[in-house]
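What the coordinates show
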Amino acid sequence: MAATLTTSRRAVSKSKLGTSSDSPLLREFLMYIASERGLADNSIAGYRRDLEDLERYFRTSNQTLACREPEPFRIYLQSQSKAGQSTRTVARRLAAIRIFLKFRTTRCEDVSAILTQLERPKPERSLPKILSRAQVNQLIATPDEKSPLYLRDVAILELLYACGVRASELCDLLLSNLNLSVGCVRVLGKGRKERIVPVGGAACEALTNYLSECRPKLDKYRSDRLFLSRAGKPLDRVALWMLVEKFGRRSGLLKHISPHVLRHCFASHLLGGGADLRVVQELLGHSDVSTTQIYTHVDQGRLKAIHQKFHPRR
């Protein structure tokens, strides 16, 4: 009976965490970051994929994830670079390994030697794609007015640009998160961290029209989600990405455009208009201001204007 219960728990854990690994240590780690750290599903899935890749590599040399020597981890990371993986991918996999090793310290394992010998590669810093203000207006004007989902699609594009929310954050929004009378939305970001983001007039108007004329027709199951699909179910990330990409192609602006491009536009246009970097950091939900600083390199025109205005030998 005990064996049956143990097998059942393992099956449930695998199903819930989406891993096919037989490693109890990996499953325990995934449960830890899901319950104790409160990481988002996408972050958990990313760590799972990277550690499963590490586990497969270790298996070829009869190693396991419980390895206590630094050399196998270093050789793995070197093999990733030799295999042509980008610096960004190697840095991401190193980050997954480091959080996994720190989890092992909570189990009273001494892995300090491994942590000190894993070198952090300098990540490639590519500038994000940015649309001009006129291009954003062109994108938002793309949905077909004759479509029964026209008001929903315009509201989605307006909100992505007005608030700079991530795709998953927009899909997770509840009706109760939105306060149009005040003009703000409550967003739960990475690690379930809450932030309040103002909603501009254009987005408020689009949301009001969607809520009064379109959403009641879609709400077949009395859902508490803000944005619904044609079938009346909560809109998911994949559908949202496909939607934004469709309008990007239809507008002729970019062959590949994602909800994150509008997040980049939100940040860049705010900074270009003179917003404080720390305020933009707060609105984006970045834990580190260095992540937000990349947008200061995008608007070169603003940087030149500031230099000409304030440098003593302009």
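Residues numbered from 1 in each chain as written. Predicted model: local features only at pLDDT ≥ 70, side-chain atom pairs only at ≥ 80, totals over all residues. Heavy atoms only, no water.

**A short note on the state of the cysteines**
By definition, a disulfide links two cysteine residues through a covalent bond between their sulfur atoms. Put simply, the rule is: Any two cysteine sulfur atoms lying within 2.5 Å of each other are counted as a disulfide. With a 1.4 Å probe rolled over the protein chains alone, any residue whose accessible area is under 20% of its type maximum counts as buried; one over 50% counts as exposed, and the rest are partly exposed.
Following the criterion strictly, the structure yields zero disulfides and no others. Distance from the sulfur of Cys204, which forms no disulfide, to the nearest cysteine sulfur (Cys163) is 8.3 Å. Classification of Cys204 as buried rests on a relative accessible area of 14%.

**Notes on the packing of helix α2 (residues 24-35) against helix α3 (residues 41-59)**
Threshold: In this description, a line fitted to the C-alpha atoms serves as the axis of each element, helices being fitted only across the stretch in contact, and the angle between N-to-C directions of two axes falls anywhere from 0 to 180 degrees. Working definition: helices are DSSP H or I runs of at least four residues, strands are E runs of at least two. Numbering for both runs from the N terminus. Throughout, the term roughly parallel applies to angles under 35 degrees, roughly antiparallel to angles over 145, roughly perpendicular to angles from 65 to 115, and oblique to all others. In this scheme the handedness of a crossing depends on how the near helix is turned from the far one: anticlockwise by less than a right angle means left-handed, clockwise means right-handed. Only heavy atoms matter for contacts: two residues are in contact if any of them lie within 4.5 Å across the pair. Amino acids are sorted into nonpolar (Ala, Val, Leu, Ile, Met, Phe, Trp, Tyr, Cys and Pro), charged (Asp, Glu, Lys and Arg) and polar (every other residue, Gly among them).
In contact at an axis separation of 11 Å, α2 and α3 are set at 160 degrees when each is read in the N-to-C sense. With respect to each other, α2 and α3 are oriented roughly antiparallel. Handedness of the crossing formed by α2 with α3: right-handed. Between α2 and α3, the residues in contact are Leu26, Phe29, Leu30, Ile33 and Ala34 and Ile44, Tyr47, Arg48, Leu51, Glu52 and Glu55, respectively. Its residues assigned to classes, the contact of α2 with α3 comprises eight nonpolar, no polar and three charged.

**Brief notes about the packing of α2 against helix α5 (residues 87-105)**
Where α2 contacts α5, the two axes come as close as 11 Å, and the packing angle between them is 95 degrees. One element, α2, and the other, α5, form an angle in the roughly perpendicular class. Across the interface between the two elements, Leu25, Glu28, Phe29 and Tyr32 of α2 pack against Ile99, Phe100, Phe103 and Arg104 of α5. Partitioned by chemical class, the residues of the contact of α2 with α5 number six nonpolar, no polar and two charged.

**Thoughts on the pattern of salt bridges**
Threshold: We count a salt bridge whenever a side-chain nitrogen from Lys or Arg sits within 4 Å of a carboxyl oxygen from Asp or Glu.
One pass over the full model with this rule turns up 17 salt bridges. The shortest N-O distance in the salt bridge between Arg93 and Asp50 comes to 3.1 Å. Highlighted residues: Arg93 in helix α5 and Asp50 in helix α3, separated in sequence by 43 residues. By relative accessible area, which is 5% here, Asp50 ends up buried. A network of salt bridges, in which partner residues are shared, links Glu28, Arg68, Arg104, Arg107 and Glu109.

**With respect to the confidence of the model for the chain**
The line we're drawing: Confidence scores here are pLDDT values: one per residue, from the predictor, ranging 0 to 100.
Per-residue confidence for the chain gives a mean pLDDT of 87, with 86% of residues at or over 70. For residues 1-16, every residue scores under 50 in pLDDT, and the model assigns this stretch seven contacts once sequence neighbours within four places are set aside.

**Points about the nonpolar core**
Looking at soluble globular proteins, one finds that nonpolar side chains tend to be buried together. Which entries qualify depends on this criterion: We define the nonpolar core as a collection of buried residues of types Ala, Val, Leu, Ile, Met, Phe, Trp, Tyr and Cys that are connected through side-chain atoms lying within 4.5 Å of one another.
Ranked by internal contacts, the top residues of the largest apolar core, which has 50 residues, are Leu159, Phe227 and Leu240. For this core, the elements supplying multiple residues, two or more each, are α7 (133-140), α8 (150-163), α9 (167-172), β2 (184-188), α10 (201-218), α11 (237-251), α12 (259-272) and α13 (277-284). Within the second largest apolar cluster, 28 residues are counted, among which are Leu30, Cys67, Tyr76 and Leu115.

**Quick notes on the packing of aromatic side chains**
Which entries qualify depends on this criterion: Classification of ring pairs uses Phe, Tyr and Trp, with its six-membered ring standing for Trp, and accepts pairs whose centres are within 6.5 Å; under 30 degrees between planes counts as stacked, over 60 as edge-to-face, and the remaining range as tilted.
Within the structure shown, the criterion is met by eight aromatic pairs. Between the aromatic rings of Phe58 and Phe73, the centroid separation amounts to 5.1 Å while the plane-to-plane angle is 75 degrees, which identifies the pairing as edge-to-face. Pair noted here: Phe58 is in helix α3 and Phe73 is in helix α4 (residues 70-82), with a separation of 15 residues, a long-range link. A residue is classified by how much of its surface remains accessible, and Phe73, at 0% relative accessible area, is buried. Clustering of aromatic rings is evident, with ring pairs tying together Phe29, Tyr32, Tyr47, Phe100 and Phe103.

**Quick word on α4**
Quick note on the threshold: One less than the residue count of a helix, multiplied by 1.5 Å, gives the span that helix is expected to have.
Over its 13 residues, α4 extends 19 Å from the first C-alpha to the last, a length consistent with the 18 Å expected when each residue adds 1.5 Å. Within the span of α4, buried status applies to Pro70, Pro72, Phe73, Tyr76, Leu77, Ser79 and Gln80. Residues of α4 that are buried make contact with α3, α5 and α6 (112-117).

**Quick look at the sheet that holds strand β1 (residues 178-179)**
Pairing between sheet strands relies on hydrogen bonds along the backbone, with the strands arranged either parallel or antiparallel. Defined as follows: Pairs of strands are assigned from DSSP output, requiring at least two bridges between the strands.
Strand order in the open sheet made by the three strands is β1-β2-β3, with antiparallel pairing throughout. Each edge of the sheet is formed by a strand with only one pairing partner; in this case those strands are β1 and β3 (194-198). Pairing of β2 with β3, which is carried by five bridges, proceeds in the antiparallel orientation. Within β3, the position partnered with Val185 by the bridge is Val197.

**Describing α11**
Helical periodicity: at 3.6 residues per turn, an α-helix aligns residues three or four positions apart in one direction. Keep this limit in mind: The directions from the helix axis to the C-beta atoms form the arc being described. We call two N or O atoms a polar contact when they sit within 3.5 Å, provided that within protein one can donate a hydrogen and the other can accept it, with sequence-adjacent residues counted only if both atoms are side-chain atoms.
In this model, α11 (15 residues) spans 21 Å end to end at C-alpha, consistent with the 21 Å of a helix rising 1.5 Å per residue. Listing the buried residues of α11 in full gives Leu240, Leu243, Val244, Phe247, Gly248 and Ser251. The buried side chains of α11 occupy one side of the element, clustering within an arc of 130 degrees when seen end-on. Summarising the geometry of α11, the exposed residues directed more than 90 degrees from the buried face are Val238 and Met242. For α11, the elements touching its buried residues are α7, α8, α9 and α12. The N-cap of α11, judged by a side-chain oxygen 3.3 Å from the amide nitrogen of Val238 a few residues on, is Asp236. Two residues or fewer past α11, Gly252 is found with a positive phi of approximately 80 degrees.

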